[in-house]
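Architecture and fold: a report
One-letter residues, chain by chain:
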Amino acid sequence: MALPGAAMGCGMDIEEQPGVFSRFADRETEARYNLRARTLRRPFVRVYGAIFMLVALAYSIVNPIYLQPTENATLAVLLGAALLVCGGYIAATFWDDYVRHPIIDFAALLVLALLVGRINVVLFEHLDGQVSTLHAVGVINRLVITSFAAVTLAGRPQLFLAWLGCDALGWIGQVATGQPELSALVYAILSYCSGALIMIAVNFAVGRTSRSAFKLADQLDAERARNEELVLNMLPPAAVDRIRSGLLVADAYADASVIFIDMVGFSNLAKRVSPGHLVELLNTFFNHADACARELGVEKVKTVGDAYLAIAGGNVPSGNSADAAIAFARAVIAGVAEMGRLGGVDVALRAGIHSGPVVGGVIGATRMAYDYWGDTVNIAARIEGTAEPNGIAISESTWLRAKDRSGFGPPRLITLKGVGDVGVFHCAPVVIEAEEGAEESAAAA
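Residues numbered from 1 in each chain as written. Predicted model: local features only at pLDDT ≥ 70, side-chain atom pairs only at ≥ 80, totals over all residues. Heavy atoms only, no water.

As a reminder of what qualifies: UniProt positions are given in the numbering used here, feature names are shortened, and annotations may be inferred rather than shown by experiment.
Under an unreviewed UniProt entry, the protein has the name adenylate cyclase and belongs to Novosphingobium cyanobacteriorum. Taken verbatim from the UniProt record of the protein, the Catalytic activity (unreviewed entry) comment is "ATP = 3',5'-cyclic AMP + diphosphate". Listed under Subcellular location (unreviewed entry) in UniProt, the entry text for the protein is "Membrane".

Put into structure tokens, the structure is as follows:
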């Protein structure tokens, strides 16, 4: 059975120390702590149970040598009952829901304590002249089970105190009736109380330290999960696995569509607005593009200044890469009106798309990122500069690959720097419905 999962954002303070009877304020955290602690202690329960059964069997072998048949028969019944209870207790630990029911430990250990107490009384009454002193020694024997209960019920001090109270009542009922001398009874009670106090301290100490350790482990798990999320936000999962294995990350994609989107007149805009306002505007643009990429199965590669680079058909499956790229560009540009409203200035975008082979991978050992290279990336960047404001320009290879060609006009032969003559299809500027809707509302008002 797996340990209960790691926490996400538990928000606990490592410096805060739990009190004696403290519980985690969050019920879900308290439940996870109890499940994890009991899961970790389950092997200990089985080992203790096996040891107890071996000791009980040893008593069963020795008893017939020294005891009368009547006494031996009594002890045989008691030891047999103890073996059955302990065997059932061990078997219960293999139940999947055992960790959710501490009452199993409470009941099993209490019954075992009562049986061991009765066994001690029978054994010590057999030693005629030493009853007074050996009843006190029997307390130490009994504390073997009490110590186990203190550890098993750690983290639940109220439950352990209830168990100890029941055990004390059972012990007094067994010892007081067979103790002729008051002084011997007083010393036996003192011995029991001193041992019980030590066990209470053990229970509190184990519970306190285990809660503190759980809090620290929980925060480490949460931090590890956040770091994992951050890494997976920068690198594809397959690349992360290869980097951790010490392998080179290099991939080739024969049919990918690269999308470049940037703001029109960004340089002039940067001169008109404050740096903080500019960053806020870019953040609005990039967040909107990220949301569109997630929705349409397009992979964000990086941002360069005011440009957003994405790819369809790379690490993220997208079906027809050209159609996915065009749909992504349209979705981003369709949000221009909202971006302008949030940024407080008029914004225009343009997009360029080219389809073809690319190479992807991770280079370097610091500030790693999964990037793409090749002529396809360079041509897409050049084509983007030919688009009209709020328009989309695609290469001939993208047009031939795409099934959705609506809105694109006839090709125009354009000379691209470092590339040569390329046939480019242009889509008319996207009509911003949000602005039209706003104008109609204003006219109606």
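**Describing the nonpolar core**
Which entries qualify depends on this criterion: Remark: nonpolar core denotes a set of buried residues (Ala, Val, Leu, Ile, Met, Phe, Trp, Tyr, Cys) joined through side-chain atoms within 4.5 Å. Note on exposure labels: buried denotes an accessible area under 20% of the residue type's maximum, exposed denotes more than 50%, and partly exposed covers the range between, all computed with a 1.4 Å probe on protein chains only. Comment: elements are numbered from the N terminus, with helices defined as DSSP H or I runs of at least four residues and strands as E runs of at least two. Two residues qualify as a contact provided that any one of their heavy atoms is within 4.5 Å of a heavy atom in the partner residue.
In terms of nonpolar packing, the biggest core is built from 45 residues, with F52, Y89, I145, F160 and W163 touching the most fellow members. Those elements giving two or more residues to this core turn out to be helix 1 (27-66), helix 2 (69-92), helix 3 (103-126), helix 4 (131-152), helix 5 (157-175) and helix 6 (182-234). Among the elements that make up this core, the one with the highest residue count is helix 3 (13 residues). Residues in contact with F160, not counting those within four places in the same chain, are T146, A149, A150, L153, M199, I200 and N203. With 39 residues, the next largest nonpolar core counts F266, L278, L281 and I394 among its residues.

**Description of the pattern of salt bridges**
Rule in force here: What counts as a salt bridge is simple: a side-chain nitrogen of Lys or Arg found within 4 Å of a carboxyl oxygen of Asp or Glu.
Applying the stated criterion to the full structure yields eleven salt bridges. Its salt-bridge partner being R401, residue D255 comes within 2.8 Å of it at the nearest N-O pair. Separated by 146 residues along the polypeptide, D255 in strand 1 (residues 250-263) and R401 in helix 13 (residues 396-401) bring together distant segments of the chain. D255 sits in the partly exposed class, given a relative accessible area of 34%. D262 is the partner of R350 in a salt bridge, and the nearest nitrogen-oxygen pair spans 3.5 Å. You can see R350 sitting in strand 4 (residues 349-362) and its partner D262 sitting in strand 1, a full 88 residues away along the chain. Each of D262, R350 and E384 takes part in a single network of salt bridges with overlapping partners.

**Description of a nonpolar patch on the surface**
As a reminder of what qualifies: Think of a patch as exposed residues, more than 30% relative accessible area, with no salt bridge, where like charges cluster within 9 Å and nonpolar side chains (Val, Leu, Ile, Met, Phe, Trp, Tyr) cluster within 5 Å. A 1.4 Å probe and the Shrake-Rupley method give the accessible areas. Residues count as covered only by the protein chains that appear here.
On the surface, a cluster of nonpolar side chains totalling about 340 Å² of accessible area is made up of V47, I51, V55 and Y59. Checked against the element boundaries, V55 lands in helix 1.

**Looking at the confidence of the model for the protein**
Test applied: Each residue carries a pLDDT score, the predictor's own confidence in it, on a scale running from 0 to 100.
On average, the protein scores 79 in pLDDT, and the residues at 70 or more come to 84%. Looking across the protein, the model is least confident in helix 14 (residues 433-444), with a mean pLDDT of 41, and most confident in helix 10 (residues 321-334), with 93. Predicted confidence for residues 1-20 stays below pLDDT 50, and this span has 42 contacts to residues more than four positions away or in other chains. The model gives residues 128-137 a pLDDT under 50, and that stretch makes 14 contacts with residues more than four places away or in other chains.

**Topic: the packing of aromatic side chains**
Quick note on the threshold: In summary, the pairing rule links any two rings of Phe, Tyr or Trp, Trp by its six-membered ring, whose centres are within 6.5 Å, and it sorts them by plane angle into stacked for under 30 degrees, edge-to-face for over 60 and tilted for everything else. When the NZ atom of lysine or the CZ atom of arginine is within 6 Å of a ring's centre and also within 35 degrees of its normal, the charge is said to sit over that ring.
One pass over the structure, following the stated rule, counts eleven aromatic pairs. For the ring pair F160 and W163, a centre distance of 6.3 Å and an interplane angle of 10° mean the geometry is stacked. Of the two residues, F160 and W163 both sit in helix 5, three residues apart, roughly one turn of that helix. Of the residues examined, F160 reaches a relative accessible area of 0% and is grouped as buried. Overall, the relative accessible area of 0% leaves W163 in the buried class. Taken together, the ring pairs connect F44, Y48, F52 and F148 into an aromatic cluster. When the ring centre of Y98 is taken as reference, the NZ or CZ atom of R38 above it lies at 4.7 Å. In this arrangement the basic side chain of R405 is found over the ring face of W399, its NZ or CZ atom lying 4.0 Å from the centre.

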